[in-house]
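Now for the letters of each chain:
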Amino acid sequence: MESIHNAILRSQPIDWVLSLLFLFLLIIQIIFLLRVYLRVAYLNRIPADKPETLSLLLTIRNEENALKENLPAVLSNNSGNFEVVAVDNCSQDHSLSVLTAYANENAHLRLSSLKQQVQYSDKMAQNIAMKAAKFDWVNVIPPSVKLPGENWLREISSRLNSGSQAVVFYSNIAPSGRFYNLLYRTEFFFQQIKSFGFILNGLPFVVSQDNVAFRKQQYFDNGGYRGIISEPFAKLELVINSFIRKIKVSVDISDETAIQRKEDITWKDYLELLKKEENVKKFLPAGIRLLLFLIEWSFLLLAPVAGILIYRMPSCWPVVVLLILGLLAINVLIIKKLLARLKEYKLFLPSFLLALMLPFFKLFFRLVFIRYGLKKEWKIES
């Protein structure tokens, strides 16, 4: 077999270009893993302090069953001074009646509602909830919220005295064992870990409005939904990203502060998750969009470039393969650490395998997304 030395001597300019491109893509991926994923994996928890008073914001539309199943666990929490501000968005089932019954029995629940269906009503409902909140700190929770335990509120509220104006926590879908549930959970896991890593590096990038605590005055100081209320694929994430670049933000990674949504997931829900991420990125600063572009395409091009390089310089395959395997090993170790920290044990093997395939599927999705544009029937209402 031809030695590596001889292969280098016989290499042509295209081979040098391929080699440099391969190293460039590899370096981007290594920096991404170490500066983003690894930093999140070994992030120290925010020390617990005196619990802050907290307003939990809940906007609902036709969520009768979810309210009956999940809201009692939230209201029965006796750790910390809190309120639940619920706004009914013109539900056509018995959601408002259920909320009224709970409000009559529990002083923690305060209730309001939209009187009639209006355009962008869910964002209007959130605006009403913000105005109605009594406390300085607010945190949005979904109607299908599944809390990790009875101490969740204390864990959350005791980490709001870190000097930050916003604290981002983890959330996901509750596991069901079904394929689309697994696909959604894996994609959402990686979206959030990337988001957390960017925030830790001083770059605003929140992908989910759920379980993000912030001082409500930031919402009003930045105009709320002014100028973005008609955006169909994202909601409060757009507002949060507009102000967290100007304030101190903390991230807390723990299964004790994480929440889950107990929902049935279909392929449409997964596609909506991808659409939402695309729209959130559209409103990020140009520098962050460029970084995300480089990270994504470095991953997509790394394997094809490595394959072409091995084909043209066969004797170099041990070095190329060793570098690729080293990158994968670092990836696996970091993912394992993150999943163990969040107690997402069932995601380990699937998350690693799907992580290798999802970027290519997302590329295909993006091409379709651009081809057909932002269609009205794709609008997110939940």
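This structure is a prediction, so every number in the text was calculated from the model and none was measured.

S.K.: Go over the overall build of the protein, please, and point to the residues and values.
M.R.: From N to C terminus, the protein includes 13 helices and 10 strands. Counting only contacts in the protein whose residues sit at least 6 apart along the sequence, the fraction spanning at least 24 positions is 85%. Approximately 18,300 Å² of the protein is accessible, and the part contributed by carbon and sulfur atoms is 60%.

S.K.: How would you summarise the sheet that holds strand S5 (residues 145–146) if you had to cite specific residues and measurements?
M.R.: Strand order in the open sheet formed by three strands is S5-S10-S7, and the pairing between neighbours is mixed. Both edges of this open sheet fall to S5 and strand S7 (171–173), since each of them pairs with a single strand only. Sitting on the sheet, helix H7 (residues 179–200) is in contact with S7 and strand S10 (259–261), with an inclination near 165 degrees to S7.

S.K.: Describe the pattern of salt bridges, listing the residues and the values that go with them.
M.R.: As enumerated under the stated definition, the model contains 19 salt bridges in all. A salt bridge links Arg 185 to Glu 344, with the nearest nitrogen and oxygen atoms 2.5 Å apart. Taken together, the residues Arg 185 in helix H7 and Glu 344 in the loop between helix H12 (317–342) and helix H13 (348–372) connect sequence positions 159 residues apart. Exposure remark for Glu 344: the relative accessible area of 5% places this residue in the buried category. Between Lys 194 and Glu 277 there is a salt bridge; the shortest N-O distance is 3.6 Å.

S.K.: Tell me about the pairing of strand S1 (residues 54–60), and please be specific about residues and values.
M.R.: Among the seven residues of S1, seven are classified as buried, and the element is accordingly described as predominantly covered. Pairing of S1 with strand S2 (residues 82–88) involves seven bridges; the strand directions are parallel. Paired with Leu 58 across the strands is Ala 86, a residue of S2. Two elements, S1 and strand S4 (residues 137–140), share four bridges in a ladder whose sense is parallel. Paired with Leu 54 across the strands is Trp 137, a residue of S4.

S.K.: An account of the sheet that holds strand S6 (residues 166–168) is requested, with residue identities and associated values reported.
M.R.: Pairing between the strands of a sheet is mediated by backbone hydrogen bonds and can be parallel or antiparallel. The sheet built from seven strands is open, its strands ordered S3-S2-S1-S4-S8-S6-S9 with mixed pairing. Strands with a single pairing partner mark the edges of an open sheet, and in this sheet they are strand S3 (109–113) and strand S9 (249–251). Strand-to-strand, the axes of this sheet are offset by a mean angle of 20 degrees, without reference to chain direction. Relative to strand S8 (residues 212–215), S6 is paired through three bridges, and the arrangement is antiparallel. Bridging across to S8, Val 167 finds its partner in Ala 213.

S.K.: So what's going on with the packing of helix H9 (residues 236–243) against helix H10 (residues 267–282)? Which residues, and what values?
M.R.: One way to put it is that H9 packs onto H10 with a least axis distance of 10 Å and a crossing angle of 30 degrees. It follows from the interaxial angle that H9 and H10 lie roughly parallel. Judged by the sense of rotation from one axis to the other, the crossing of H9 with H10 is right-handed. Across the interface between the two elements, Glu 237, Leu 238 and Asn 241 of H9 pack against Lys 276, Asn 279 and Val 280 of H10. A breakdown of the residues in the contact of H9 with H10 according to their chemical character gives two nonpolar, two polar and two charged.

S.K.: Report on the pairing of S3, specifying residues and quantitative values.
M.R.: The sheet contact formed by S2 and S3 spans five bridges and is parallel. Counted as the bridge partner of Ala 86 is Leu 111 from S3. Considered for its hand, the β-α-β crossover made up of S2, helix H4 (residues 95–105) and S3 is right-handed.

S.K.: So what about the packing of H7 against H12? Which residues, and what values?
M.R.: Running from N to C, H7 and H12 point in directions that differ by 100 degrees, and their axes come no closer than 12 Å. Classified by the angle between their axes, H7 and H12 sit roughly perpendicular to one another. For the pair H7 and H12, the contacting residues are Phe 189, Phe 190 and Ile 193 in the first and Ile 335, Leu 338, Leu 339 and Leu 342 in the second. Residues that form the contact of H7 with H12 fall into these classes: seven nonpolar, no polar and no charged.

S.K.: I'd like a rundown of a nonpolar patch on the surface, residues and numbers included.
M.R.: Together, Leu 20, Leu 23, Ile 27, Ile 31, Val 319 and Leu 323 line one region of the surface with nonpolar side chains, adding up to about 520 Å² of accessible area. Of all the secondary structure elements, the ones that give two or more residues to the nonpolar patch are helix H2 (13–41) and H12. Mapped onto the elements of the fold, Leu 323 is located in helix H12.

S.K.: Tell me about helix H3 (residues 64–75), and please be specific about residues and values.
M.R.: Between its first and last C-alpha atoms H3 spans 16 Å; for 12 residues at 1.5 Å apiece the expected length is 16 Å, and the two agree. Every buried residue of H3 is listed here: Glu 64, Ala 66, Leu 67, Asn 70, Leu 71, Val 74 and Leu 75. When H3 is viewed along its axis, its buried side chains cluster within an angular range of 140 degrees and face the same direction. Buried residues along H3 sit against S1, S2, H4, S3 and S5.

S.K.: Any details on the confidence of the model for the protein? Residues and values, ideally.
M.R.: The predicted model of the protein has a mean per-residue pLDDT of 85, with 89% of residues at 70 or higher. For the stretch residues 374–382, pLDDT sits under 50, and the model shows 18 contacts to residues farther than four places along the chain or on other chains.

S.K.: Lay out the environment of Phe 179 in plain terms, naming residues and giving numbers.
M.R.: Looking at where Phe 179 falls in the secondary structure, it is placed in helix H7. Along the backbone, Phe 179 and Thr 266 are 87 residues apart, and their C-alpha atoms lie at a distance of 9.0 Å.

S.K.: Give me the lowdown on helix H11 (residues 286–312), citing residues and values where you can.
M.R.: Given a rise of 1.5 Å per residue, 27 residues ought to cover 39 Å, and the 37 Å separating the end C-alpha atoms of H11 matches this to within 8%. Residue Leu 301 marks the point of greatest curvature in H11, where the axis turns by about 35 degrees; the proline Pro 304 follows within four residues. Of all the residues in H11, the buried ones are Ile 288, Leu 292, Ile 295, Glu 296, Ser 298, Leu 300, Leu 302, Val 305, Ala 306 and Leu 309.

Calculation notes
Residues numbered from 1 in each chain as written. Predicted model: local features only at pLDDT ≥ 70, side-chain atom pairs only at ≥ 80, totals over all residues. Heavy atoms only, no water. Helix = DSSP H or I, 4+ residues; strand = E, 2+ residues; numbered from the N terminus. Contact = heavy atoms within 4.5 Å. Areas by Shrake-Rupley, 256 points an atom, 1.4 Å probe, with all protein chains shown as cover. Pairing = 2+ DSSP bridges. Axes fitted to C-alpha atoms, helices over the stretch in contact; angles between N-to-C directions. Salt bridge = Lys/Arg side-chain N within 4 Å of Asp/Glu carboxyl O. Buried < 20%, exposed > 50% of the residue type's maximum accessible area, 1.4 Å probe, protein only. Parallel < 35°, antiparallel > 145°, perpendicular 65-115°, else oblique. Left-handed = near helix turned anticlockwise from the far one by under 90°. Nonpolar A, V, L, I, M, F, W, Y, C, P; charged D, E, K, R; others polar. Right-handed = clockwise from strand over helix to strand, strands pointing away. Patch = residues over 30% accessible without salt bridge, like charges linked within 9 Å, V, L, I, M, F, W, Y side chains within 5 Å. Expected span 1.5 Å × (residues − 1). Arc of directions from axis to C-beta. pLDDT = per-residue confidence, 0-100. Bend = angle between axes of the 7 residues up to and from the residue.

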